[in-house]
Amino acid sequence: MTTHPRAATVGQLRELGYRPLTVKQELRKNVLAKLKAGEELFPGVLGYRETVVPQIVNGILSLHDLLFLGLRGQAKTRILRLLPTLLDEWIPVLAGTEINDDPLQPTTRTGRRIVAEQGDDAKIEWVHRDARYQEKLATPDVTIADLIGEVDLVKHAEGRYLSDESTMHFGLIPRSNRGIFAINELPDLAPRIQVGLFNVLEERDVQIRGYPIRLNLDVCLVFSANPEDYTNRGRIVTPLKDRIGTVVRTHYPETISEGIEIARQNAWLDRKSDSGVDVHWPAFMWEVVESVVRLARSSPHVSQASGVSVRTSIANAETVTSNAERRGVLTGETRVIPRICDLNHLIASCRGKIEMSLAEEEGAEEKLIHSLVGEAVKTVFNDFTRIERYQNVIDQFKGNLTFPAGDDLPADEVVANIKAVKPIHQAALALAEDLEVDASDPAMLASVGEFLLEGLYVNDRLSKYNAKGKTFFKK
């Protein structure tokens, strides 16, 4: 049902021709409809169309519970939170029950009593799909009462029997009846709590403290987990894994273009509204920033078991943007293009996100990040051009030429320095053509010029040094 229906009683609901479905049948029905219509199932999630999405679809079509297994920053939680979009927009629930109960097939004792007493006049309410998704971050202090429920001794003291479900204080899973319940970081749940999920996954019922209170639940359980967690903080007990129908393995972006698009989509890049500085990114700078992370994912000095999150690329893009914005504010420029000098500030946004494989001496982390940035510049530079083309530029530095650079220099000053050395100017114009950028734009030419000199430096054709906070290239 895509619009809010007007039915207000069980009788009116029957007249609508409503037929109850389980949550998993509902998910299956809607996924099939979207597949037939050619609709995108998880809009905004990039790079998974041919790999991860088919695994999810097969799991849903099989009426399985799902476990998303992957390293940090692989969109596991984002996909979990998109699953409710595959539910019907509205469903009817029986009014007067503590958990969502089906008006035509009530499973709780209270629901059956209401229908038996009131018949077709029993009131119903309509619940939107957004309210049918509950999520819990697993922590070691989570109790079975949090998830399943607890006997309410106050209600028992009022004279109700312990075997009566009305004595229960329901936990998160029963309150998710007829919906989706997600547990993030499943291995962090204590093993005894994981054992408590056995009945929910297999028999679809719950029992409280050994008392014969049984609830036949209609709930789809979904989980996320990081393989590294199995050794660091806990593990998923084997019988629980056996009861989860489908394990979906996620991955990092397979191509550099996918990684760039994810960073561009998620990073906060529009700063013009409050600072007045428009930061415009050239494609080659995007490739450098994304290459830093891709190189880290294959570096022997980086812990690959922990992974290097996509959030690193996002944070790095925001840091480069912020430094370019800061330069614009200080120099009075309203349009700024990121330059290589802005990459010097990536240490702050990489720190803690790139874990070293072994404990190293103090300062090793910063050295590693500097090394990754240099290697990224070298990779992108050599992809676009050949170092042999710039011998005349290298020759200019044999006469004790030093070229100033740095994030405190406005673009006009950098361009003036470039034009003062004709071979550098010509080489920068040629490189701009290779990069397919507009060299007539001073801010762009300044960025290309720095990229050229840094490319020669990382290829060991030039050297550079810092003095009084500024960078100088020399032979």
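Our subject is the structure that appears above.
A few points on the structure.

Rules used in this analysis
- Residues numbered from 1 in each chain as written.
- Predicted model: local features only at pLDDT ≥ 70, side-chain atom pairs only at ≥ 80, totals over all residues.
- Heavy atoms only, no water.
- Helix = DSSP H or I, 4+ residues; strand = E, 2+ residues; numbered from the N terminus.
- Rg over C-alpha atoms; globule rule 2.2 N^0.38 Å.
- Buried < 20%, exposed > 50% of the residue type's maximum accessible area, 1.4 Å probe, protein only.
- Contact = heavy atoms within 4.5 Å.
- Areas by Shrake-Rupley, 256 points an atom, 1.4 Å probe, with all protein chains shown as cover.
- Lys, Arg positive; Asp, Glu negative; His and termini not counted.
- Charge placed at Lys NZ, Arg CZ, Asp CG, Glu CD.
- Pairing = 2+ DSSP bridges.
- Axes fitted to C-alpha atoms, helices over the stretch in contact; angles between N-to-C directions.
- 1 Å grid on protein atoms, 1.4 Å probe; cavity = no way out; pocket = protein on both sides within 12 Å on 5 of 7 lines; lining within 4 Å.
- Points joined across faces, edges and corners; volume = space filled by probe spheres on them.
- Nonpolar A, V, L, I, M, F, W, Y, C, P; charged D, E, K, R; others polar.
- Parallel < 35°, antiparallel > 145°, perpendicular 65-115°, else oblique.
- Left-handed = near helix turned anticlockwise from the far one by under 90°.
- Phe/Tyr/Trp six-rings, centres within 6.5 Å; stacked < 30°, edge-to-face > 60°.
- Salt bridge = Lys/Arg side-chain N within 4 Å of Asp/Glu carboxyl O.

Turning next to the overall build of the protein chain. If you tally the helices and strands in the protein chain, you get 22 helices and 16 strands. What you see for the protein chain is a C-alpha radius of gyration of 30 Å, clearly larger than the 23 Å of a compact globule of 475 residues, by over 25%. A principal-axis box enclosing the C-alpha atoms of the protein chain has dimensions of 100 × 50 × 40 Å. Going through the 475 residues of the protein chain one by one, you find that 51% of them count as buried. Restricting to contacts in the protein chain with at least 6 residues of sequence separation, those with at least 24 account for 74%. Here the protein chain displays about 22,100 Å² of accessible surface, and carbon together with sulfur accounts for 49% of that area. Once the 58 positive and 67 negative side-chain charges of the protein chain are each reduced to a mean point, those two points are 1 Å apart.

What follows deals with the sheet that holds strand β4 (residues 133-137). Read across the open sheet, the 5 strands follow the order β4-β7-β10-β1-β11; overall the sheet is parallel. Single-partner strands in this sheet number two, and they are β4 and β11 (246-249). Shown here is a sheet whose adjacent strand axes are inclined to one another by a mean of 20°, direction ignored. One ladder, built from 4 bridges, connects strand β1 (residues 66-69) with strand β10 (residues 219-225); its direction is parallel. Looking at the pairing, Leu66 lines up with Val222 of β10. Packing against the sheet, helix α2 (residues 23-37) makes contact with β7 (179-184) and β10, and its axis sits at approximately 75° to β10. Across the sheet, helix α3 (residues 52-61) touches β1 and β11, and the angle it forms with β11 is around 170°.

It is worth spelling out the layout of surface pockets at this point. A volume near 450 Å³ is recorded for the second largest pocket. Asn344, His370, Glu454, Lys464 and Thr471 are the residues nearest the centre of the second largest pocket, which is lined by 22 residues in total. Listing elements by their share of the lining of the second largest pocket, those giving two or more residues are α18 (364-384), α22 (442-458), β15 (463-467) and β16 (470-474). Taken together, the residues that form the lining of the second largest pocket break down as 10 nonpolar, 8 polar and 4 charged.

Packing of helix α15 (residues 283-296) against helix α16 (residues 310-331) brings their axes to within 9 Å, and their N-to-C directions diverge by 140°. It follows that α15 is oblique to α16 by the angle criterion. When you trace α15 past α16, the crossing you get is right-handed. Across the interface between the two elements, Trp286, Val289, Glu290 and Val293 of α15 pack against Thr312, Ser313, Asn316, Ala317 and Val320 of α16. Within the contact of α15 with α16, the residues separate by chemical class into 5 nonpolar, 3 polar and 1 charged.

One open sheet accounts for 3 strands, arranged β14-β16-β15; its pairing is antiparallel. In the strand order of this sheet, the two ends are held by β14 (403-405) and β15, each with one partner. For this sheet, the mean inter-axis angle between neighbouring strands, taken without regard to orientation, is 30°. Inspection of the sheet shows β15 paired to β16 by 5 bridges, in the antiparallel sense. Residue Ser463 lies in a different strand from β16, and its bridge partner there is Lys474.

This part takes up the packing of aromatic side chains. One pass over the full model with this rule turns up 5 aromatic pairs. Ring centres 4.3 Å apart and planes at 25° place the aromatic pair Trp281 and Trp286 in the stacked group. Judged on exposure class, the residue Trp281 and its partner Trp286 are both buried. The interplanar angle of 80° and the centroid separation of 5.5 Å between the aromatic rings of Phe381 and Phe451 together place this pair among those described as edge-to-face. Remark: Phe451 occurs in helix α22 and Phe381 occurs in helix α18; sequence separation between them is 70 residues. As far as the burial class goes, Phe381 and Phe451 line up, both buried.

A separate point is the pattern of salt bridges. Tallied over the full model, the rule gives 20 salt bridges. A salt bridge links Glu355 to Arg72; the shortest N-O distance between them is 3.3 Å. Of this pair, Glu355 sits in the loop between α17 (346-350) and α18 while Arg72 sits in the loop between β1 and α4 (76-82), and the two are 283 residues apart along the sequence. Taking the shortest distance from any N to any O, the salt bridge between Arg335 and Asp441 comes out at 2.3 Å. Of this pair, Arg335 sits in strand β13 (residues 335-336) while Asp441 sits in the loop between α21 (422-435) and α22, and the two are 106 residues apart along the sequence. Note on Arg335: relative accessible area 34%, which makes it partly exposed. Judged by its relative accessible area of 15%, Asp441 falls in the buried class.

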